[in-house]
Structure formats: structure tokens, C-alpha cells
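Structure at a glance
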Amino acid sequence: MNISQQNQPVTNEVGTSLSPREQMNIVIAGHVDHGKSTIIGRLLADTDSLPKGKLEHIRQNCRRNSKPFEYAFLLDALKDEQAQGITIDSARVFFKTGKRNYIIIDAPGHIEFLKNMVTGASRAEAALLVIGAEEGVRENSRRHGYMLSLLGIRQVAVLVNKMDLVGYRREVYEAVCREYRQFLREIHMTAQFVPVSGMGGDNIAAQNDQMPWYDGPTVLGVLDGFVKEMRPVDKPFRMPVQDVYKFTEQGDKRRIIAGTIETGRLRVGDEVVFYPSGKTSRVSTIEAYNRPRQDEAQAGQATAFTLEKQIYIARGEIAALAGQVSPSVSTRLRVNLFWMGRQPMVKGKEYLIKVGTAKEKAFLEEVLSVMDASDLNATQKKDRIEHHDVAECVISTRRAIVFDLAEEIAATGRFVIVDNCEICGGGIIREAVADEQLWMREKLIQRNANWAVSSIAREDRAQRYSQKAALVLITGQQDTGKKPLARALEIQLFSEGRFVYFLGIGNVLYGVDADIKEPGANGHRSEHLRRLAEVANILLDTGVILIVTATDLTASELEWMRAAIDRYPIQVVRMGPQATDIPNDLVITGLDETANAVLAVKRMLQRDGIIFTP
Ligand code: GTP
Ligand code: MG
């Protein structure tokens, strides 16, 4: 577990230095052999970042083996050394300037690079893209540029390398710039350009006389000119809820909310808002593992806190702070996705999406553009995403999920897609696409924020009534005997001493819904459902087993009801043939006698622990 000490400066990822110097992650990309390694080697040599004697040692080795010295060898030699260490992985190189420390991520291939970026193993804030002047723009020059745009990396410098091979001629440089700028424009990117020679060291760390026509910054100058992203602690507070623990002592109703703080800080007394539910409470204590209690916790720390008001929170929600920018909540997300699955990602198939600690059922709704590995220049429309494709698409989820836009908060702005227990894809979230449930969700968040939590705990009511509050939702097509079953079930359960109520739909339609014109007209269906769910939610809070009938309820309507009634189970009983996509806990065919149907529902309630005694 990642526990950092209080009062210590945020340790930098490398662990090479305890100083609180600024650090920036840079990715270097470009077509094969265009000179990435050479440029990195130069940067290391020219900033005195090499171990003592390293350069000379390698030069000697080259002489001994009579092969020409290459700056790229430096990198290989370093990588071999670093690979034996444990703190540093082989694809990263470190150096510093007067301004800050840099980590250069030399992406060995675009797939590894993307994998790292989307799974969060590394996150680059800026990129160097190398194009060899004599070969010019090649397929990977474009492909990597496109990936940078997909990954939301906005600070890019294009290094036009090997200028020595083209006689340092300005026209060659400008032709490459023109061609690549045109491409960048197509993908809505911009970049600055520097003519360099990695081999000769021109414009790497120092200006050179060979290109008097160029008066822009050197590569080092460009790096130091990149703007640092805000420190995670200075961003809005986000903590994906990992677990909710109960205190073990008798009568202690408090819950501990545990997780790792991704961004921002949390203090005792802060008003926390949990999304997607919108429930709020104040931080009562901040608990810590193996540490004394503290008043504050911040980004990077594994933390747990208790609340003043006991609200019901589940794993997967994201804790944010009132008064700060809130995360997005939607069932539709526009994303940039990288697909690693052997099977293509297709429409109509159910996947799992993971964001933060949340896991939800997800579907490919629309493919906006795809770039495939074999056809590099074209981004064409397809309706599936193949192995190693990079796509922009819309993903929809059954239940609303909470997330941030990747450009704002990377940690809660990226996702992975799981198929058959395997990670098959991942990417970053670019936009929360409006969905039909938006207005309902906003009302729900309002309601949850203002909900007066009862002083009598749910468990105490359950004990009093020897049952758990639950909604028995009887659905199916019209005239399948839903209402007779509901009535018979109510009578039966009541006669057995249960606290039970059948809420007839008319009771709601002509009462709570009286202000809605044309009761029952389809245009108002979602508002009717919303109100039904609200009434049911209040009744369930009293501890009752509530029976409700609803015609042709769909899976997404059910998910919406679950979001509105999130503290209590909904048991779905379907009468007659399957007419919608709704999942069920019990099916009753039209042929069953009512008495048998009642018995079947009772067994289901026992099976699922709603009623305790046989
Ligand atoms: P991969 O990692 O294989 O994709 O290649 P790379 O982009 O890291 O290229 P690398 O730095 O290994 O350089 C490839 C070849 O180009 C080497 O033989 C270098 O010596 C040569 N090279 C790199 N930069 C320059 C340069 O500025 N001028 C000249 N003349 N050759 C260069
Ligand atoms: Mg290389």
C-alpha cells in the first residue's frame, strides 16, 4: 500500500532524489531509426546526467571493437544497468536541467506505449516527436502524432533530426514542417518545430552555427518551456471508494470509507459529496493505516474516513468535495479507445467498463473514427474495433457512472474495458455525452443531498420486523395477471405477520401524478416512473416489503429505479412471456395458479434473505 509520511515532500516517482524539485514526464516517439535514442543520449551527455566515466567507457568499447560510436549505445548501456535495479524500469531515462527533473519515456513500440498510457503505468505531460530530415514524414510519424492527440497530450515539439545529412538546408526543414503541420491540422493539433542533429548535437542543448537561419529555442529550451500540469494535490479532491467497513463494536453504526486519494486533499470537517448518488456528509475523522490519526490527507495516500451523518455508500462511488468542480455522471461517454482484444469490439455485446473502483456493464454504441494498424493515413468509419485499432467512439453503460474528463483529472478520466475477465482495451474519456436520464439524475442528486437520514438504522428496523425492506416489482405484458398476484401476495404475507403493502399504480397516477396531463400517456412515462420510484423509496425507508406492478418495464428503466432506490433491493418478478430486455429474479408463466405463484415469490424472498423465518 502506498503510504507516504506526513510533512515529507511528495516523493518523486523515481526515488532518485528527495528534493522537492519539479518533475515532468516526457514521451519521445517517431518513426524507426529517425534518431530517438540518439537524441536522448545527447541530452544525457550534454546535461551531465551520465554516471562518471560512462561516456568515455563506451567510446573506448567502440574503439576496441572498431565500430563507430553512437549516442544510442549510451542508452542501451544505461538500460542494461537500470534493468538490474528495481526502482527504475528500462523504458525510462532521467536527467535534469536547471529548471526541473525530466523522465523521458522511450516508447519501444506504440502498442506498449499506449498500453502504459491507458492503464496508468505512465502518464506523459508532453511529447517529443522525431522526424528524420532526409526520410521525411513516415507512417509512424503520423501514427504517433495521432496517438498523442488521442491521449490528450497537447504539448508537442517536433524535432526534425539528421539535419547534417541534408546539409543543414533550410528548404528541407521547411518542407518537412509544412507537410507535418498540414497533418497536425487535420487532427486538430499544434506543435513547435526544431531542426536538430542528434549526432552533431546541434540545437539539442546548445545552439549551433550550422543553422544560422534558425533562431528558435534548443530542445532543452523547448523542454523547459513546457508548462507543468497542476500538482495532483492542487486539483479537486477525488477518492474512488474502495471499501466501506463497519465498526465491529456493538451498537457502533459508523462506517469507514476507504480508498486512495487520487487528487486534492481532504480535511476533517469537509463536506464530501459521493457520486453518482450525490449523497453528502461531513468528514468526522480521518483514519490512517499504521499512522496516528490526522486532520488532513492528500493525493497519493491510502486513506479512510468516517462521516458525521451515516449515509449508505458503496464501492465504486467517487468522493468529491462540495464547492469544488464536480465529476461528470452519465451513461454515455465519448472516449478514445485502444483495443487489445483478440476478438474485435462489436456493437450489441456486453462488456465491463472500469473507471476508478467502479465496474459497470458497457456497450459499444457508436464508432466515430478508427485508425487501423495496416492503413495508417486513413481514419475511416467502421462499426467494429479490431485488434490494435485506435478508435474514437461512444460507450454506453446500463447504470450511470462517475468519471472526470481525462484532460482535467487523468486518474479518474481513464478506463479499461474487460471482456471475459481480461482487459481488452482502455483509453481516456473525452466527453460526457448527454443521455435521456440526465434530468432525472440531477433531481436524484438534489434529493440525496437533502435527504434526512432516519435516526433509526435500517438494521434496527429489520430486526424489529424480522424482514428486510425490499421492493417486489411485478412486471410483464398487459393482462398477464400482475395485479391479482400482487394482491394475493400482500394478503398472504400479511397473514403471516409481515409488514407488507401493495402500492396500486392508480394510487400514484391520480394522486402524486395528478399534475401530469394524460396519465398513462407514453410521453410522461419516465416522469411517472421517477415519481413511483420516489414514493417507493420513502415507503421502503419505513422497513416495509413493498409490492408494485409495472407494465413492460425495460432493463434501463429498472437500472434507473435501482439508482433511485439504491439502499433497498428490487426483486423483479416477470409474469408471462419475455417482452423486454429486463433481467428477472423469478419468472411466472401464465399457466400458474395464483396460489402457486405466491408460493414461488415467497420462496424467492426467503432465498434472497428478505424474509428470515420459513
Ligand atoms: P529505433 O529505436 O530503432 O526506432 O531508432 P531510433 O529512433 O532510436 O534511432 P537511433 O537513435 O537508434 O538512430 C538510428 C540511426 O540514425 C543511428 O545509426 C544513428 O547514428 C543515426 N542518427 C541519429 N541521429 C542522427 C543525426 O542527427 N545525424 C546522422 N547523420 N545520423 C543520425
Ligand atoms: Mg531507439
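On to helix 13 (residues 555–564). In terms of burial, helix 13 is a largely internal element, seven of the ten residues being buried. Three or more residues of helix 13 are buried, namely Ala-555, Glu-557, Leu-558, Glu-559, Trp-560, Met-561 and Ala-564.

Before going further, it helps to spend a moment on the site of ligand 1. Taken together, 17 residues form the shell around ligand 1, and within it Lys-36, Ser-37, Thr-38, Glu-70 and Asp-164 come nearest. The separation between an oxygen atom of ligand 1 and a polar side-chain atom of Lys-162 is 2.9 Å. Gly-198 places a polar main-chain atom, nitrogen or oxygen, 2.9 Å from an oxygen atom of ligand 1. The biggest single contributor to the shell around ligand 1 is helix 1 (residues 36–46), with three residues.

Let us now look at the sheet that holds strand 8 (residues 255–260). Taken together, six strands build a closed barrel; the order of strands is 7-8-13-11-10-14 and the barrel is antiparallel. Averaged over all neighbouring strand pairs, the angle between strand axes comes to 50°, with direction disregarded. Direction of pairing for strand 7 (residues 239–246) relative to strand 8: antiparallel, over a ladder of five bridges. Paired with Lys-246 across the strands is Arg-255, a residue of strand 8.

Side-chain pairs of opposite charge can arise whenever the charged atoms involved come near each other. Across all of its chains, the model carries 32 salt bridges by this definition. Of the charged contacts in the structure, one is a salt bridge between Arg-399 and Glu-360, with a shortest N-O distance of 3.4 Å. Of this pair, Arg-399 sits in strand 20 (residues 390–403) while Glu-360 sits in strand 18 (residues 358–371), and the two are 39 residues apart along the sequence. Judged by its relative accessible area of 35%, Arg-399 is partly exposed. Under the relative-accessibility criterion, Glu-360 is labelled buried at 13%. Across the salt bridge formed by Glu-559 and Arg-399, the nearest N and O atoms sit 3.6 Å from each other. Of this pair, Glu-559 sits in helix 13 while Arg-399 sits in strand 20, placing them 160 residues apart in sequence.

Glancing now at the side chain of Lys-602. By the element assignment, Lys-602 lies in helix 14 (residues 594–607). Look at Lys-602 and you get buried, because its relative accessible area is 13%. Aside from chain neighbours lying at most four places away, what touches Lys-602 is Gln-492, Leu-493, Glu-496 and Ile-611.

To continue, consider the side chain of Arg-498. Structurally, the position occupied by Arg-498 is in the loop between helix 10 (482–495) and strand 24 (500–503). There is no salt bridge for the buried Arg-498, and the closest opposite charge comes from Glu-496, which lies 4.7 Å off by N-O distance. A polar contact of 3.0 Å, which involves the side chain of Arg-498, links it to the backbone oxygen of Ser-466.

Once that is clear, we can look at the environment of Lys-382. Tracing the backbone shows Lys-382 in the loop between strand 18 and strand 19 (384–385). Counting along the chain gives eleven residues from Lys-382 to Met-371, while the straight-line C-alpha distance between them is 9.7 Å.

Membership of the largest hydrophobic core comes to 70 residues, with the highest contact counts inside it found for Ile-26, Leu-43, Leu-128, Leu-159, Tyr-180, Leu-223 and Phe-226. Tallying contributions element by element places helix 6 (residues 170–186) first for this core, with seven residues. A domain-level breakdown of this core finds at least three residues from each of domain 1 (3–8 + 17–225) and domain 3 (328–440). Among residues more than four places away in sequence, those in contact with Ile-26 are Tyr-102, Ile-103, Ile-104, Ile-105, Ala-124, Ala-126, Ala-127, Leu-128, Leu-223 and Phe-226. The next biggest cluster of nonpolar side chains, apart from the first, holds 26 residues, and it includes Leu-444, Leu-471, Leu-532 and Met-561.

With that settled, consider the sheet that holds strand 27 (residues 586–588). Read across the open sheet, the five strands follow the order 24-25-23-26-27; overall the sheet is parallel. Both outer strands of the open sheet, strand 24 and strand 27, are each paired with one neighbouring strand and no more. Going from strand to strand, the sheet's axes swing by 20° on average, the running direction of each strand aside. The sheet strands contacting helix 14 are strand 23 (470–476), strand 26 (570–575) and strand 27, and the helix crosses strand 27 at an angle near 175°.

What follows deals with the confidence of the model for the chain. Confidence in the prediction for the chain averages 86 pLDDT; 89% of positions are at 70 or higher. Per-residue pLDDT stays below 50 along residues 83–90; that stretch engages in five contacts with residues further than four places along the chain or on separate chains.

On to the packing of helix 12 (residues 525–540) against helix 13. As a packed pair, helix 12 and helix 13 sit with axes 9 Å apart at the nearest point and diverge in direction by 35°. The crossing of helix 12 and helix 13 is right-handed. Packed against helix 12, whose contacting residues are Arg-525, Leu-529, Arg-530, Leu-532, Ala-533 and Asn-537, the element helix 13 presents Glu-557, Trp-560, Met-561 and Ala-564 at the interface. Taken together, the residues that form the contact of helix 12 with helix 13 break down as six nonpolar, one polar and three charged.

Moving on: the packing of aromatic side chains. Taken as a whole and assessed by the stated rule, the structure comprises eight aromatic pairs. Seen from their ring centres, Tyr-173 and Trp-213 are 5.5 Å apart, and the 40° between their planes marks the pair as tilted. One end of the pair, Tyr-173, is in helix 6; the other, Trp-213, is in the loop between strand 6 (192–195) and helix 7 (219–225), with 40 residues separating them in the sequence. Take Tyr-173: its relative accessible area is 8%, and that puts it in the buried class. Grouped by ring-pair contacts, the aromatic residues Tyr-173, Trp-213 and Tyr-214 constitute a single cluster. For Arg-59, the ring lying beneath its charged end belongs to Phe-69, and the centroid distance is 4.4 Å. When the ring centre of Tyr-568 is taken as origin, the NZ or CZ atom of Arg-458, which lies over that ring, is 5.8 Å away.

Reading the values: the criteria
Residues numbered from 1 in each chain as written. Chains lettered and ligands numbered in written order. Predicted model: local features only at pLDDT ≥ 70, side-chain atom pairs only at ≥ 80, totals over all residues. Heavy atoms only, no water. Buried < 20%, exposed > 50% of the residue type's maximum accessible area, 1.4 Å probe, protein only. Helix = DSSP H or I, 4+ residues; strand = E, 2+ residues; numbered from the N terminus. Near = heavy atom within 4 Å. Polar contact = N/O pair within 3.5 Å; in protein donor to acceptor, adjacent residues only side chain to side chain. Pairing = 2+ DSSP bridges. Axes fitted to C-alpha atoms, helices over the stretch in contact; angles between N-to-C directions. Salt bridge = Lys/Arg side-chain N within 4 Å of Asp/Glu carboxyl O. Contact = heavy atoms within 4.5 Å. Lys, Arg positive; Asp, Glu negative; His and termini not counted. Core = buried A, V, L, I, M, F, W, Y, C linked by side-chain atoms within 4.5 Å. Domains from an automatic or database assignment. pLDDT = per-residue confidence, 0-100. Left-handed = near helix turned anticlockwise from the far one by under 90°. Nonpolar A, V, L, I, M, F, W, Y, C, P; charged D, E, K, R; others polar. Phe/Tyr/Trp six-rings, centres within 6.5 Å; stacked < 30°, edge-to-face > 60°. Lys NZ or Arg CZ within 6 Å of the ring centre and 35° of its normal.

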